[in-house]
Amino acid sequence: MRKKFVVALAAIAACSGSAKAADLTARPYVKAPIAPAAAWTGFYVFGGGGGGLWNADSNVVDNGAGFGIGNPLTRDERLGGSGWFGTVGLGYDWQFASRWVAGLFADGQFGEIRGSLSDTNGVFEGREKLRTSYAAGARLGYLVAPNLLSYVNAGYSGSEWSGVGLSSLSALPGTTTAPLTSTPSFHRNGFFVGGGVENNLNVLGINAPGWFMKTEYRSAFYDRTTLAETCTAAGAALGCGGGVAGAPAGAALTFKPWVQTISTSLVYRFNDRGMPATADLAPRLYTKAPATLAGPNWTGFYVFGGAGGGLWSADSSIETTVPPVMPIMRDQRLGGSGWFGTVGVGYDWQFAGNWVAGAFADGQFGDIRGSLTQTFMANAEGTEKLRVSYAAGLRLGYLAAPNVLSYVNTGYTGSEWSGTTLNSLFLPTTPLYTAPSFHRDGWFIGGGVENSLNIFGIAAPGWFMKTEYRSAYYDRTALPLTFTPNFGGAPSGMSVTIKPWVQTISTSLVYRFNAGPVVAKY
């Protein structure tokens, strides 16, 4: 339980510039009851929801086509998926050494994070769904405030993925939409790392003993698997598998996923007392101590810098550039992943006691890279990179503790994407097309937690740390494809469209220029 800080008029004089001499003398008084504090040792259950993206490196390998079982027929492309899920779980925590919490937990996520599984050899695509994932792990956290736990976690993760019916990517009239080949459902084991923040709900005027809320980021990694394609009845009618439905299609698809999720859950702790020890409630006389600082002043300018990682998922199709513009190949979902650095500035205004509102601008500089593909006739792929993004927005937050701000934000975002050379997906590879660099405007929504660095025994006035999740959405754009010089260098008459969604997580050091102390008050 957090030690209550006592106010002295000498500290008020330091903040305001004056004080009455009579007020500076010590005097006896009755100590106010200590505010309730959460107890973190014990069992808990939780449930909530969230969203996420997955990326997967995937290629086509021989499975009876005569090139040697398992030999690659194409090189990797990076596919993507996006969607939503619900989550439930339970765990046990142990509070030790006053401000540390360690625990074990297990949970499950149930929903549909869907994207593409593609056979670029046959130019087929189907929707692969992450339907269920489950985890068992450990977490270690530090009580930034008595009612707020900041933690990291890691452990085992399992996942269940759907089977897929793959149909032609062609959008030309007369093309059958029936699945021609299929792949089986599959299971993958892996590991996860993540972190989050959990706080009691005795905030925002809510008094709910035992009830907590947690927001958690998680990144799960799974090994590559190989999925054999079999012929459907529609595929057999077109000659797949020698005309035999259920026969091997001669190819298999490899799939190596990385899943990134963010979730918010309500937590119920069975042993949260919600009340201090009886001894703390007894009034007693003593001499008022000099003032101790309750928390920083959140009004003022700040700068920050840090780093993070992210994924992007993008729906992408092929269309003509000669009027009338028409689709040639339907959408498939591509993906990208990578890392970045970030810097920014902002101004916050603390009002109505525990509320903070502000405006900010920042930039992210790095390399979140994935695939851009051309799937009509000559299948080709290039590496598309999100190199720079920048944002200007507003945030609104609530002080879960005097030194801890939990906030949401939203606003404008711009992005700069690389040009790329698209090389043949078939081996050996050959440069076929180029696509230009491009700019996209959009909007973002996100949230995070910021706290002072007067923790872990560190006294660093003015210095803070923040961890922030952000989801950015951009409209579709069309990128004209040009043949490479070895194929004449002329316009191809086609463009590739791309509609990206970017999800990032970052941690930054923050310096607040006027983060002078605010004196604790009873």
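A quick note: this is a predicted structure, and the numbers were derived from the prediction, not measured.

Calculation rules
Residue positions are counted from 1 within each chain, in the order its sequence is given. Local features in a predicted model are, by the rule used here, given only for residues with pLDDT of at least 70; side-chain atom pairs are given and counted only at 80 or more, and totals for whole chains, interfaces and linings are based on all residues. Note that the side-chain values use all heavy atoms of the structure and ignore hydrogens as well as water. For this text, the term disulfide refers to a pair of cysteine sulfurs within 2.5 Å. Burial here depends on accessible area, computed with a 1.4 Å probe over protein chains only, as a share of the maximum for the residue type. Under 20% is buried, over 50% is exposed, and the range in between is partly exposed. Strands were regarded as paired on the criterion that DSSP finds at least two bridges between them. A helix here means a DSSP run of H or I that spans at least four residues, while a strand means a run of E at least two residues long, and both kinds are numbered starting from the N terminus. Residues belong to one nonpolar core when they are buried, are Ala, Val, Leu, Ile, Met, Phe, Trp, Tyr or Cys, and are joined through side-chain atoms within 4.5 Å. Note on contacts: a residue pair qualifies if any of its non-hydrogen atoms lie within 4.5 Å across the two residues.

## Examining the state of the cysteines
Alright, step 1. Tallied over the full model, the rule gives 1 disulfide.
Alright, step 2. The disulfide partner of C231 is C240, and the gap between their sulfur atoms is 1.9 Å. Judged by the sign of its S-S torsion, about -70 degrees, the bond between C231 and C240 is left-handed.
Alright, step 3. Of the residues examined, C240 reaches a relative accessible area of 17% and is grouped as buried.

## Some points on the pairing of strand 6 (residues 124–145)
Here is the key point about a regular strand: its side chains alternate between the two faces of the sheet.
Alright, step 1. Bridge count between strand 5 (residues 100–119) and strand 6: 18 bridges; the pairing is antiparallel. Bridge pairing links A106 to A136 in strand 6.
Alright, step 2. Between strand 5 and strand 6, which follow one another and run antiparallel, lie 4 residues, and V123 among them has a positive phi close to 60 degrees.
Alright, step 3. When strand 6 meets strand 8 (residues 164–168), the two strands line up antiparallel, connected through 2 bridges. Considered in strand 8, the bridge of E125 is made with S167.
Alright, step 4. Sheet topology note: the strand 6/strand 7 (residues 148–161) ladder contains 14 bridges and is antiparallel. Looking at strand 7, one finds that A135 is bridged to S157.

## Points about unusual backbone geometry
Alright, step 1. The residue after P323, namely P324, is reached through a cis peptide bond having omega -5 degrees.
Alright, step 2. Structurally, P324 can be placed in the loop between strand 16 (300–320) and strand 17 (327–351).
Alright, step 3. We note that S98 has phi near 75 degrees; this positive angle belongs to a residue other than glycine.
Alright, step 4. Within the fold, S98 resides in the loop between strand 4 (77–96) and strand 5.
Alright, step 5. Even without being glycine, A352 reaches a positive phi, approximately 50 degrees.
Alright, step 6. Examined against the element boundaries, A352 turns out to sit in the loop between strand 17 and strand 18 (355–374).

## A closer look at the nonpolar core
Alright, step 1. W312, Y433 and V502 are the most contacted members of the largest nonpolar core, which has 39 residues in total.
Alright, step 2. Ignoring anything within four residues of it in the chain, the contact list for Y433 reads Q374, A378, A380, T420, T421, L422, L481, T482, F483, T484, S492 and M494.
Alright, step 3. Judged by nonpolar contacts, the second largest core, of 35 residues, contains V60, L79, L143 and L253.

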